[in-house]
Amino acid sequence: QVQLVESGGGLVQAGGSLRLSCAASGRIFSINVMGWYRQGPGRQRELVATITKSGSTNYADSVKGRFTISRDNAKNTVDLQMNSLEPEDTAVYYCNANGLVRSSGYSGNYWGQGTQVTVSS
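Residues numbered from 1 in each chain as written. Predicted model: local features only at pLDDT ≥ 70, side-chain atom pairs only at ≥ 80, totals over all residues. Heavy atoms only, no water.

A. Highlighting the overall build of the chain. Scanning the chain for helices and strands turns up zero helices and 11 strands. Reading the chain from its N terminus to its C terminus gives the helix and strand order β-β-β-β-β-β-β-β-β-β-β. Here the C-alpha atoms of the chain give a radius of gyration of 14 Å, agreeing with the 14 Å that 2.2 N^0.38 yields for 121 residues. The principal-axis extent of the C-alpha atoms belonging to the chain is close to 50 × 25 × 25 Å. By residue count, 44% of the 121 residues in the chain fall in the buried class. Taking the contacts inside the chain whose residues are at least 6 apart along the sequence as the reference set, 56% of them involve residues at least 24 apart. Here the chain contributes 11 positive and 8 negative side-chain charges, whose respective centroids are spaced 10 Å apart. (Helix = DSSP H or I, 4+ residues; strand = E, 2+ residues; numbered from the N terminus. Rg over C-alpha atoms; globule rule 2.2 N^0.38 Å. Buried < 20%, exposed > 50% of the residue type's maximum accessible area, 1.4 Å probe, protein only. Contact = heavy atoms within 4.5 Å. Lys, Arg positive; Asp, Glu negative; His and termini not counted. Charge placed at Lys NZ, Arg CZ, Asp CG, Glu CD.)

B. Looking closely at the sheet that holds strand β1 (residues 3–7). Taken together, the four strands give an open sheet; going across it, the order is β1-β3-β8-β7, and neighbouring strands pair in antiparallel fashion. The two strands at the open ends of the sheet, each matched to only one other strand, are β1 and β7 (67–72). Put simply, the sheet's adjacent strands are angled 15° from each other on average, direction ignored. (Pairing = 2+ DSSP bridges. Axes fitted to C-alpha atoms, helices over the stretch in contact; angles between N-to-C directions.)

C. Fine view of the side chain of T115. Here T115 shows up in strand β11 (residues 115–120). A residue is classified by how much of its surface remains accessible, and T115, at 11% relative accessible area, is buried. Reaching out from T115, the side chain makes a polar contact with the backbone nitrogen of G9 at a distance of 3.4 Å. Leave out the neighbours within four places in its chain, and T115 touches E6, G9, L20, A91, V92 and Y93. (Polar contact = N/O pair within 3.5 Å; in protein donor to acceptor, adjacent residues only side chain to side chain.)

D. Inspection of the state of the cysteines at higher detail. Summed over the entire model, instances satisfying the criterion amount to one disulfide. Put simply, C22 and C95 are joined by a disulfide, and their sulfur atoms are 2.0 Å apart. Residues C22 and C95 are joined by a disulfide whose S-S torsion is about -80°; by sign, that bridge is left-handed. In this pair, C22 is assigned in strand β3 (residues 18–25) and C95 in strand β9 (residues 91–102), connecting sequence segments 73 residues apart. The residues C22 and C95 share a single accessibility class, namely buried. (Disulfide = S-S within 2.5 Å.)

E. View of the packing of aromatic side chains. Scanning the entire structure with this criterion turns up one aromatic pair. Ring plane angle 65° and centroid distance 5.1 Å describe the contact between Y37 and W111, whose orientation is recorded as edge-to-face. With Y37 in strand β4 (residues 28–39) and W111 in strand β10 (residues 107–111), the pair connects residues that are 74 residues apart, well separated along the chain. Looking at Y37, the relative accessible area reads 19%, which means it is buried. A cation sits over an aromatic face here: R45 above Y94, 3.9 Å from the ring centre. Over the face of the ring belonging to W111 we find R45, whose NZ or CZ atom lies 4.7 Å from the ring centre. (Phe/Tyr/Trp six-rings, centres within 6.5 Å; stacked < 30°, edge-to-face > 60°. Lys NZ or Arg CZ within 6 Å of the ring centre and 35° of its normal.)

Put into structure tokens, the structure is as follows:
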């Protein structure tokens, strides 16, 4: 079984920092793209940042310069360092693994259950 588990969410004041972590477990051969998405109250789920197996990154305009995504291919983990947090960053943050190849050869798209980030003004 493949499972993605997020950690590191919590309550922080505006201007503060948080670091989110996600670990993918199971019989995994490789993961093409790992990323973070978020969904605030009454809003659609949106892309925050992604990173490919080779290290190429992509960020939403709203977080550029403030957030940094990184991954460890050997451990199948992805982190999101969030600095200069704003109340608008309040959301449930979801870890994503796209193009996750199992040892059996099956490839799929997987999601974590989400972790709450709340930024107070």
